[in-house]
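Topology and contacts: notes
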Amino acid sequence: MVIATLYGSVFHLWRGGSLIRLGLYLVFAWIGFWGGHWLGGLVGWEFFKVGQLNIGPATIGSFVTLAVGYWLSLVQVEPERKTNKKL
């Protein structure tokens, strides 16, 4: 959790944002880190392994999740325009 929290915090320092964005980046980093660790074990990727922790795939998963989450968080919904058309 410490490594994933570090990734999310550094991403927040790099991209900036509010306190809510920091929480969002931390959640993305945690999900990606543990998802990458799990997927690496499932597929059999073992690089940069420390004890039972597969840090290599976990780091890749964390970065991918942070990038996709950041990209999805940029979407802004515009309110529907009302037109005054008389028929």
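A brief structural summary. Please read all numbers here as calculations on a predicted model, not as lab measurements. (Residues numbered from 1 in each chain as written. Predicted model: local features only at pLDDT ≥ 70, side-chain atom pairs only at ≥ 80, totals over all residues. Heavy atoms only, no water.)

Counting secondary structure elements, the protein contains three helices and two strands. Listed by position from the N terminus, the elements making up the protein come as α-α-β-β-α. Here the protein has a C-alpha radius of gyration of 18 Å; the compact-globule value for 87 residues is 12 Å, and the former is much larger. Each of the three principal axes of the protein carries a C-alpha extent, and together these read 70 × 30 × 15 Å. Every one of the 87 residues in the protein was classed for burial, and the buried ones make up 29%. Residue pairs in contact within the protein that sit at least 24 positions apart in sequence constitute 51% of those at least 6 positions apart. Summed over its atoms, the accessible surface of the protein is roughly 6700 Å², and 68% of this surface lies on carbon and sulfur atoms. (Helix = DSSP H or I, 4+ residues; strand = E, 2+ residues; numbered from the N terminus. Rg over C-alpha atoms; globule rule 2.2 N^0.38 Å. Buried < 20%, exposed > 50% of the residue type's maximum accessible area, 1.4 Å probe, protein only. Contact = heavy atoms within 4.5 Å. Areas by Shrake-Rupley, 256 points an atom, 1.4 Å probe, with all protein chains shown as cover.)

In this structure the tally under the stated criterion is seven aromatic pairs. Site record: aromatic cluster; members linked through ring pairs are Y7, F33, W34 and F63. When the ring centre of W14 is taken as origin, the NZ or CZ atom of R15, which lies over that ring, is 4.9 Å away. (Phe/Tyr/Trp six-rings, centres within 6.5 Å; stacked < 30°, edge-to-face > 60°. Lys NZ or Arg CZ within 6 Å of the ring centre and 35° of its normal.)

This paragraph deals with the side chain of H12. Of note, H12 is situated in helix α1 (residues 2-15). Residue contacts for H12: discarding those within four places in its chain leaves G17, S18, R21, L22 and Y25.

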